[in-house]
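What follows is the residue order along each chain.
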Amino acid sequence: MDSDNEPWGGSDDDPVAVGDYYYDCSDGGGGGGGEEDEGSDCAGDDYEVREEVASMREKRYIVLSENDIHERQEEAIRRVSSIFSIPRESACILLRHYKWNISKLNDEWFADEERVRHFVGLPTNGAVLPDCQELTCGICFEGYSTSALSSAGCVHLYCHECWEGYISASINDGPGCLSLRCPEPSCTAMVLEETINRLAKDEEKVKYKQFLSCSYVEDNKKIKWCPAPDCTRAVEFLGDENYDVSCMCKFSFCWNCTEETHRPVSCETVSKWILKNSAESENVNWIIANSKPCPKCKRPIEKNHGCMHMTCRPPCKFQFCWLCLGDWSEHGSRTTGGNYACNRYEADKKKGIYDEAEAQRERAKNSLVRYTHYFERWASNQKSRQKAQGDLQKFESELAKLSDILGIPESQLKFIPEAWSQIVECRQVLQWTYAYGYYLDDKAKNDFFVYLQGEAESGLERLHKCAEKDIHAILPKAGETEPLPSLQDFNEFRVKLAGLTSVTRNYFENLVQALEAGLEDVRVTGGQSTSKKKARTASKRKPSAKGKSGRNKKARITIS
């Protein structure tokens, strides 16, 4: 915790530019500690730890701008052109075929240059034109002088007008133009960039250069585009177990599957969950669970209110009992119990006669209820996260204005956006814990998971409340001239919010680690789930009975 004599401290967590590249140096935000941190000498240690974390995360990934990508590409082309003593256009073709892997290209080129040239389509020597004044174009079969004809470095000559049409059609078809070869079907000679620049239209030259620039990212296994809309940056992944990356546009995503960050669930689980949310299987389950087929025409009918007397739509108009599906003419108050009961159905049920369709309907209903439970909470946290992102942007944009009003340096107010940044991150983790819980089929682990999830949600709600509502006590109200909060009041709020931010961050980091490890510390003893060792992610108090995540259920767990 920071000293009361120095109530405001600057943040070292902002992204920093190193050279021409952007490195992730954040350790998740956060400021001072809460009550749990009192009495600890954390000022120096915290700085050292922060420096160590930043040093480690600098090596995780690099965010590349369009200029960075272009400079890297040009440097690779210059390097290959110089080492192999070949024209720039030939070096570019070689690098594209070898996915911009200079090491692999270097090994194969010096092992067998002729084989590489033949494989890629680079001619060994220039084409020798026949000694005549006029030649025939191989496409339009018109006669032209040698100055009006061109080739791809081979012996197949075509007029410039045919070349222009051929190149134009290829470029308009997409990135495949980067592998354009001689129009002669049996020829493998590549069309070099020099030919494109000499014969193509200006707008097509621009498209070609764009495709070439994009190929450096799309052909490279270690670089991917940021999937955020309208973002033109790319991310180079340098290797780590954690695939979560954050672009300079502030969009965070999983580098492996390019979906939004989804820890603690795996990319495979995310794929299954997204597919399930978009597939028609849940619609089929709903139909099975909430409707029955007409005994006559078999059309599905939903009963949403009323008695058991059902009448199918025209032209069928068959009248039947909803429970036993028998002809309604055979029902009555004396024989079957009236309009709101069916003695036949109840009697058959007691005898053990249970129709398979009814059993399937019951299973579908249970499955639908379970899926709805997890999906609604997943979607609710997603909505809360999106709103928190808007609040984060609001505070970031108004930080300078708030600094002027309160008379406090802007750097000393960063604990507020840091708290909102932590809320956004935790909402995303909590959101995906519901997908994790849906696919968790171990009863003992599920009880422990529900407890951990409930504690996490409870802690996050405290932080969210403090950042969203308690903050109004220190903010000036629009149109009112009340005195500004005292330095002591502001400092107390700062310590509270920064402390909740730190505690919540630590809890969620431990929660993610526990879930990614598969809750391996949980074992079953005597019908109860027990943790092998003291869980770092759970407090010693009993689970709260509040919240949406199932905390009202009694979790049968003991923490040794």
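Residues numbered from 1 in each chain as written. Predicted model: local features only at pLDDT ≥ 70, side-chain atom pairs only at ≥ 80, totals over all residues. Heavy atoms only, no water.

- Per an unreviewed UniProt entry, the recorded name for the protein is RBR-type E3 ubiquitin transferase, and the organism is Triticum aestivum.
- Within the UniProt record for the protein, the comment given under Pathway (unreviewed entry) is "Protein modification; protein ubiquitination."
- Database annotation for the protein, UniProt heading Function (unreviewed entry): "Might act as an E3 ubiquitin-protein ligase, or as part of E3 complex, which accepts ubiquitin from specific E2 ubiquitin-conjugating enzymes and then transfers it to substrates." (UniProt positions renumbered as here; feature names shortened; annotations may be inferred.)

1. Remarks on the side chain of T504
Working step 1: Tracing the backbone shows T504 in helix α16 (residues 487-516).
Working step 2: Apart from the residues lying within four places of it in its own chain, the contact partners of T504 are C426, G459, L460 and L463. (Helix = DSSP H or I, 4+ residues; strand = E, 2+ residues; numbered from the N terminus. Contact = heavy atoms within 4.5 Å.)

2. Quick notes on the packing of aromatic side chains
Working step 1: Evaluated as defined, the whole model comprises 23 aromatic pairs.
Working step 2: Ring geometry for Y158 against W163: centres 5.8 Å apart, planes inclined by 85°, an arrangement best described as edge-to-face.
Working step 3: The class for Y158 is buried, based on a relative accessible area of 4%. (Phe/Tyr/Trp six-rings, centres within 6.5 Å; stacked < 30°, edge-to-face > 60°. Buried < 20%, exposed > 50% of the residue type's maximum accessible area, 1.4 Å probe, protein only.)

3. Overview of helix α6 (residues 160-173)
Working step 1: In a regular helix each residue adds 1.5 Å, so 14 residues correspond to 20 Å; α6 covers 20 Å between its end C-alpha atoms and thus fits that length.
Working step 2: The complete set of buried residues in α6 reads C162, W163, I167, S168, S170 and I171.
Working step 3: Of the surrounding secondary structure, the elements contacted by the buried residues of α6 are β6 (149-150), β7 (158-159), α7 (193-199) and α8 (202-218).
Working step 4: G174 sits one or two positions beyond α6 and adopts a positive phi of about 125°. (Expected span 1.5 Å × (residues − 1).)

4. Quick word on unusual backbone geometry
Working step 1: Of note, the bond from R263 into P264 is cis; its omega dihedral lies within 30 degrees of zero at 15°.
Working step 2: Note that P264 resides in the loop between β11 (252-254) and α9 (267-278).
Working step 3: Cis geometry marks the peptide bond from P314 to P315; its omega dihedral reads 5°.
Working step 4: Relative to the elements of secondary structure, P315 occurs in the loop between β14 (309-311) and β15 (319-321).
Working step 5: In the Ramachandran plot, D230 falls in the positive-phi region, its phi being about 70° despite a non-glycine side chain.
Working step 6: Checked against the element boundaries, D230 lands in the loop between β8 (223-225) and β9 (234-237).
Working step 7: What makes D230 exposed here is its relative accessible area of 79%.

5. A few points about the pairing of β9
Working step 1: With burial as the criterion, each face of β9 is covered, one bearing A234 and E236 and the other bearing V235 and F237.
Working step 2: The pairing of strand β3 (residues 61-64) with β9 spans four bridges and is classified as antiparallel. Across the sheet, the residue bridging to L64 is A234, located in β9. (Pairing = 2+ DSSP bridges.)

6. Regarding the pattern of salt bridges
Working step 1: Counted by the stated rule, this structure contains 19 salt bridges.
Working step 2: The residue D391 makes a salt bridge to K387 at a minimum N-O spacing of 3.3 Å. In this pair, D391 and K387 are both assigned in helix α12 (residues 356-397), four residues apart and thus about one turn of the helix distant.
Working step 3: Judged by its relative accessible area of 15%, D391 is buried.
Working step 4: Owing to a relative accessible area of 47%, K387 belongs among the partly exposed residues under this scheme.
Working step 5: One salt bridge connects D470 with K465, and the closest N-O pair in it is separated by 3.2 Å.
Working step 6: Here the salt bridges do not stand alone but share partners, grouping E74, R88, E193 and K209 into one network. (Salt bridge = Lys/Arg side-chain N within 4 Å of Asp/Glu carboxyl O.)

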